[in-house]
Amino acid sequence: MGDRVEEEIEAVTARLGKQAHATGFYSYGEITPFAPGVACEVHNQTMTITTISERA
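Residues numbered from 1 in each chain as written. Predicted model: local features only at pLDDT ≥ 70, side-chain atom pairs only at ≥ 80, totals over all residues. Heavy atoms only, no water.

### So, the overall build of the protein chain
Stage number 1. Looking only at helices and strands, one finds one helix and two strands in the protein chain.
Stage number 2. Among the 56 residues that make up the protein chain, the fraction classed as buried is 4%.
Stage number 3. In the protein chain, once contacts between residues fewer than 6 apart in sequence are set aside, the share between residues at least 24 apart is 13%.
Stage number 4. Summed over all atoms, the accessible surface of the protein chain reaches about 5,300 Å², with 54% contributed by carbon and sulfur. (Helix = DSSP H or I, 4+ residues; strand = E, 2+ residues; numbered from the N terminus. Buried < 20%, exposed > 50% of the residue type's maximum accessible area, 1.4 Å probe, protein only. Contact = heavy atoms within 4.5 Å. Areas by Shrake-Rupley, 256 points an atom, 1.4 Å probe, with all protein chains shown as cover.)

Structure (structure tokens):
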């Protein structure tokens, strides 16, 4: 993602709001063969977001 990582994180934190705490990581994901009998390959990066909320 290069310099665009910051843009993606800003978009997520803007949507969650200022009261939310954010933590996370990037990983290389979706490792799977393109066709039967073909070796696995990495074909993108994955950003995973988990939200946990509490209601009073």
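### What about the confidence of the model for the protein chain?
Stage number 1. Predicted confidence across the protein chain gives a mean pLDDT of 78, with 86% of residues reaching 70 or more.
Stage number 2. Looking over the protein chain, one finds the lowest element-wise mean pLDDT in strand 1 (residues 26–29), namely 70, and the highest in helix 1 (residues 4–16), namely 86. (pLDDT = per-residue confidence, 0-100.)

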